[in-house]
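# Reading the structure
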There are 2 protein chains.
Amino acid sequence: MAVAPRKPKGSDKGSGTAHVITADLVAVLVAVTDGEPKIMTIAKADALPSGPFEFKHRSLQTGLRAWVEAQTGHPLGYVEQLYTFADRGRTGDAKSPHTISISYLGLTREDQVGAGFEAHWSGWYDYFPWEDHRAGAPALIAKWLTPRLRAWAKSAPLAGLQRERWQRAAITFGLDEREWNEELVLQRYELLYEAALIPEAARDGGAAATLVPGRAMTGDHRRILATGIARLRAKIKYRPVVFELMPTEFTLLQLQRSVEALAGRLVHKQNFRRLMEQQQLVEETGAIAADTVGRPAKLFRFRHAVLAERAIAGTKLPLSRT
Amino acid sequence: MAVAPRKPKGSDKGSGTAHVITADLVAVLVAVTDGEPKIMTIAKADALPSGPFEFKHRSLQTGLRAWVEAQTGHPLGYVEQLYTFADRGRTGDAKSPHTISISYLGLTREDQVGAGFEAHWSGWYDYFPWEDHRAGAPALIAKWLTPRLRAWAKSAPLAGLQRERWQRAAITFGLDEREWNEELVLQRYELLYEAALIPEAARDGGAAATLVPGRAMTGDHRRILATGIARLRAKIKYRPVVFELMPTEFTLLQLQRSVEALAGRLVHKQNFRRLMEQQQLVEETGAIAADTVGRPAKLFRFRHAVLAERAIAGTKLPLSRT
DNA sequence: TGGCTTATACTTAGCCTGAGCATAATCGAA
DNA sequence: TTCGATTATGCTCAGGCTAAGTATAAGCCA
């Protein structure tokens with residue numbers, strides 16, 4: 001069965017029809033204000049900005065920018081592609097069976113949403129209350145999630161599967177003395193979906209979901225949001241992207257608070273400053289922050305030069321230099 | 001201008017038509033044999049396995065698996081999504097202006113390609129000869145690329161732009177005393193495209209490209225391959241994915257050679273072993289490799305348990321444990 | 001002035017990493 | 001049989017980075 005290079009020439013079992021589909025562009029647009037991570041939402045905070053990829057759009061990003069600006073009045077700055085989703089049965093209403101969602105992560109500063117737009121900045125922990133560990137592990141994990149996850153694990157038919165399920169839960173949620181890993185946002189969401197502990201699972205025809213703290217969204221938007229948060233939490237560790245979320249001038253504490261807001265956990269203050277300085281990511285502006293509580297802090301700005309100077313790449317292999 | 005949550009209800013400037021498109025699924029299927037990285041190709045090594053996403057496919061991955069098996073007879077093992085491309089003018093022939101390509105990276109072991117399939121395993125450095133630095137920087141970089149990149153930089157209209165271009169070239173290709181960064185595969189490819197040094201640029205209507213060492217591919221397949229190589233080079237550093245490419249039992253040197261093949265650079269032998277052992281990624285099988293040249297080596301196997309034990313995530317921030 | 005808050009400097013121990021030295025096995029040719 | 005080539009494997013050492021903690025400075029306000 002020799003097959004033509006790219007397109008099946010009407011041959012093959014694939015029907016000769018064009019197999020056309022529609023593509024939705026979805027944006028996870030993030031900002032941090034006063035140490036709280038926010039995402040841009042529409043439809044009464046039930047959905048992410050999104051719209052179909054249309055003929056007039058020159059590229060996917062162009063289309064995305066157009067939709068976000070049309071729906072929120074907010075221009076899009078830094079943008080990167082997240083993931084392309086297409087599973088049927090994960091979109092809530094039985095829409096066109098072949099719509100794929102191409103999602104993007106965008107970073108900006110929070111601006112007031114212009115009048116006439118149905119858009120809001122919503123705190124991202126409203127949708128993922130179990131993800132905020134800045135004040136320690138949230139109580140709802142021990143009180144609410146753990147027993148239900150244990151029940152879910154126990155409900156598996158085989159002992160092996162039971163153990164497997166519990167291990168997965170323990171790893172993703174940091175149970176049984178394990179460490180919390182803030183990057184596993186998507187895995188946690190997917191686990192809750194599988195365990196039918198969130199409304200999306202019930203909606204998609206699974207068992208009835210117990211009502212869980214944390215707001216749901218239209219379609220698979222909360223899954224996309226989880227993907228975005230996970231990506232951002234991973235990325236702040238090896239790329240200077242936080243600065244996209246900061247005003248031009250900021251104190252080191254403000255910067256730290258932003259990182260903590262995204263990571264969902266606290267950072268060692270002194271070491272954080274040392275890191276910023278020795279990596280030369282920031283430089284003093286010479287000015288001093290006013291209206292502060294304690295000792296006034298120096299103001300810093302991002303050293304854009306680093307982007308040109310370095311082509312940073314983490315190495316975890318003993319690569320030889322010779 | 002209030003906008004409806006997800007779909008513009010026929011309102012808005014977007015036309016009321018359905019904006020249907022077609023989606024191609026493209027696979028970068030990698031194997032390593034005898035220390036050489038290979039990719040599965042079809043069409044006389046000119047294209048990657050690919051085919052349209054069809055109604056009958058339950059998900060994108062399902063569709064991809066179906067196409068790869070149909071075209072190459074090779075089953076797909078480990079798979080992860082790479083990127084979704086849609087730029088017009090980058091696909092060679094002016095195909096349907098709205099085809100998007102959803103690309104995946106797959107890892108397997110090289111099997112003989114079944115008879116009757118137009119599929120081959122091709123060395124990936126045939127397509128990217130400048131990427132193999134295992135025997136030092138390839139001569140073609142100094143002799144061939146550097147002068148042309150310098151010329152390209154010089155050809156910019158403004159002095160500032162000239163400097164910018166050269167800096168980009170120097171960073172991506174490790175010129176001017178800079179270190180070679182093996183992860184910048186895509187950036188290098190895109191730079192060569194922009195500088196019109198590869199056939200794809202000429203084909204897409206740019207200036208006539210000087211013939212460059214390195215084989216081109218159909219459409220934007222070489223770009224997709226570059227994306228795959230880059231992803232894999234990054235990933236082997238923080239996830240134990242190399243093992244997907246290894247036979248069940250292997251010596252540490254074989255493992256090292258595979259890593260080097262992918263990374264395109266050499267690794268410090270003793271440190272590599274130390275890393276493998278202290279991370280407990282492998283365990284001895286008890287057997288000893290036969291038919292070797294020097295002192296016989298112990299055989300190892302991958303410790304699958306690590307996948308369950310750890311939820312590894314690199315940390316480059318001073319996250320507090322308290 | 002003392003207490004509160006935040007900023008900033010410095011120290012220390014442990015771990016990881018790059019790099020190199022030394023020794024062990026095995027084979028084949030001199 | 002010995003030497004040389006080749007690969008395997010063990011070990012050391014210095015430098016750098018990291019987590020964590022101590023100490024001090026500089027404001028505000030009661």
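Residues numbered from 1 in each chain as written. Chains lettered and ligands numbered in written order. Predicted model: local features only at pLDDT ≥ 70, side-chain atom pairs only at ≥ 80, totals over all residues. Heavy atoms only, no water.

## Some details on the overall build of chain A
What counts is decided by this rule: Counting from the N terminus, the helices are DSSP H or I runs at least four residues long and the strands are E runs at least two residues long. The buried label goes to any residue with under 20% of its type's maximum accessible area, the exposed label to any with over 50%, and the partly exposed label to all in between, with areas taken from a 1.4 Å probe on protein chains only. The contact definition used throughout considers only heavy atoms, calling two residues in contact when any of these lie within 4.5 Å. Values of accessible area rely on a 1.4 Å probe in the Shrake-Rupley scheme; residue burial ignores everything except the protein chains shown.
Counting its secondary structure elements, chain A contains nine helices and eight strands. For chain A, buried positions account for 53% of its 322 residues. Taking all contacts inside chain A whose residues are at least 6 apart in sequence as the whole, residues at least 24 apart take part in 62%. Carbon and sulfur atoms make up 53% of the accessible area of chain A, which totals about 14400 Å².

## Comments concerning unusual backbone geometry
For residues that are not glycine, phi is negative in most cases, and the peptide bond is trans in most cases. All names here are of chain A. The phi torsion at aspartate 34 lies on the positive side, around 50 degrees, for a residue other than glycine. Looking at where aspartate 34 falls in the secondary structure, it is placed in the loop between strand S1 (22-33) and strand S2 (36-41). Overall, aspartate 34 belongs to the exposed group, its relative accessible area being 77%. Despite not being glycine, alanine 45 has its phi angle at roughly 65 degrees, a positive value.

## A word on a nonpolar patch on the surface
We count it as follows: Each patch is built from salt-bridge-free residues with over 30% relative accessible area, joining like charges within 9 Å and nonpolar side chains (Val, Leu, Ile, Met, Phe, Trp, Tyr) within 5 Å. We define a salt bridge as a side-chain nitrogen of Lys or Arg found within 4 Å of a carboxyl oxygen belonging to Asp or Glu.
On the surface, Val20(A), Phe55(A), Val20(B) and Phe55(B) cluster together into a nonpolar patch covering about 310 Å² of accessible area. Turning to its location among the elements, Phe55(A) is positioned in the loop between strand S3 (50-52) and helix H1 (60-72).

## Things to note about the packing of helix H2 (residues 139-154) of chain B against helix H4 (residues 185-194) of chain B
Residue and element names in this part refer to chain B. Spelled out, the test is: Note on method: axes are straight lines fitted to C-alpha atoms, helices fitted across the in-contact stretch only, with angles between N-to-C directions ranging 0 to 180 degrees. Comment on the angle field: the value is read as roughly parallel under 35 degrees, roughly antiparallel over 145, roughly perpendicular from 65 to 115, and oblique elsewhere. Crossing handedness is read from the near helix: turned anticlockwise from the far helix by less than a right angle, it gives a left-handed crossing, and turned clockwise, a right-handed one. Charged means Asp, Glu, Lys or Arg here, nonpolar means Ala, Val, Leu, Ile, Met, Phe, Trp, Tyr, Cys or Pro, and polar covers whatever is left, Gly included.
Two elements in contact, H2 and H4, have axes separated by 11 Å at closest approach and are oriented at 60 degrees. Here H2 lies oblique to H4, going by the angle between them. Handedness of the H2/H4 crossing: left-handed. On H4, the residues touching Leu145, Leu149 and Trp152 of H2 are Leu191, Leu192 and Glu194. Across the contact of H2 with H4, the residue classes tally to five nonpolar, no polar and one charged.

## A short note on the packing of aromatic side chains
The line we're drawing: Here a pair means two rings of Phe, Tyr or Trp (six-membered ring of Trp) with centres within 6.5 Å. Their orientation is stacked below 30 degrees between planes, edge-to-face above 60, and tilted elsewhere. By the criterion adopted, a ring carries a charge over it if an Arg CZ or a Lys NZ lies within 6 Å of its centre and within 35 degrees of its normal.
One pass over the full model with this rule turns up 12 aromatic pairs over all chains. Judged by centre distance (5.7 Å) and plane angle (90 degrees), the rings of Phe128(A) and Trp130(A) are edge-to-face. The burial state of Phe128(A) is the same as that of Trp130(A); both residues are buried. These aromatic residues form a ring-pair network of at least three members: Phe128(A), Trp130(A) and Tyr189(A). Residue placement shows Arg222(B) over the ring face of Phe128(B); its charged tip is 5.8 Å from the ring centre.

## Side note on the pattern of salt bridges
Under the definition given, this model contains 38 salt bridges over all chains. Across the pair Glu110(A) and Lys38(A) runs a salt bridge, and its minimum N-O distance is 3.5 Å. Highlighted residues: Glu110(A) in the loop between strand S5 (99-107) and strand S6 (120-123) and Lys38(A) in strand S2, separated in sequence by 72 residues. Here Lys38(A) falls in the buried class, since its relative accessible area comes to 18%. In this structure, the salt-bridge partner of Arg215(B) is Asp46(B), at a minimum N-O distance of 3.1 Å. Here Asp46(B) lies in the loop between strand S2 (36-41) and strand S3 (50-52) and Arg215(B) lies in the loop between helix H5 (199-203) and helix H6 (221-235), a separation of 169 residues in the sequence. Owing to a relative accessible area of 35%, Arg215(B) belongs among the partly exposed residues under this scheme. Exposure remark for Asp46(B): the relative accessible area of 31% places this residue in the partly exposed category. Among the charged side chains, a network of salt bridges with common partners joins Glu182(A), Glu183(A), Lys237(A) and Arg265(A).

## Some words on the confidence of the model for chain A
Where we set the bar: Residue-level confidence of the predictor is summarised by pLDDT, bounded by 0 at the bottom and 100 at the top.
When pLDDT is averaged along chain A, the result is 85, and 86% of the positions lie at 70 or above. Here residues 1-16 of chain A scores under 50 on pLDDT; set against residues more than four positions off or in separate chains, the count is 31 contacts.

## Concerning the packing of H2(B) against helix H3 (residues 159-173) of chain B
Residues and elements named next belong to chain B. The N-to-C vectors of H2 and H3 enclose an angle of 155 degrees; their axes lie 8 Å apart at closest approach. Classified by the angle their axes make, H2 and H3 are roughly antiparallel. Crossing of H2 over H3 shows right-handed handedness. Residues Ile141, Leu145, Thr146, Leu149, Arg150, Trp152, Ala153 and Lys154 of H2 form the contact with H3, whose participating residues are Gln162, Arg165, Trp166, Arg168, Ala169 and Phe173. The class makeup of the residues in the contact of H2 with H3 is eight nonpolar, two polar and four charged.

## Examining the environment of Ala263(B)
Residues and elements named next belong to chain B. By secondary structure assignment, the location of alanine 263 is in helix H7 (residues 252-263). Distance from alanine 263 to arginine 134, taken between C-alpha atoms, is 8.5 Å for residues 129 residues apart in sequence. Excluding its chain neighbours within four sequence positions, the residues that come into contact with alanine 263 are Tyr125, Glu182, Arg233 and Ile236.

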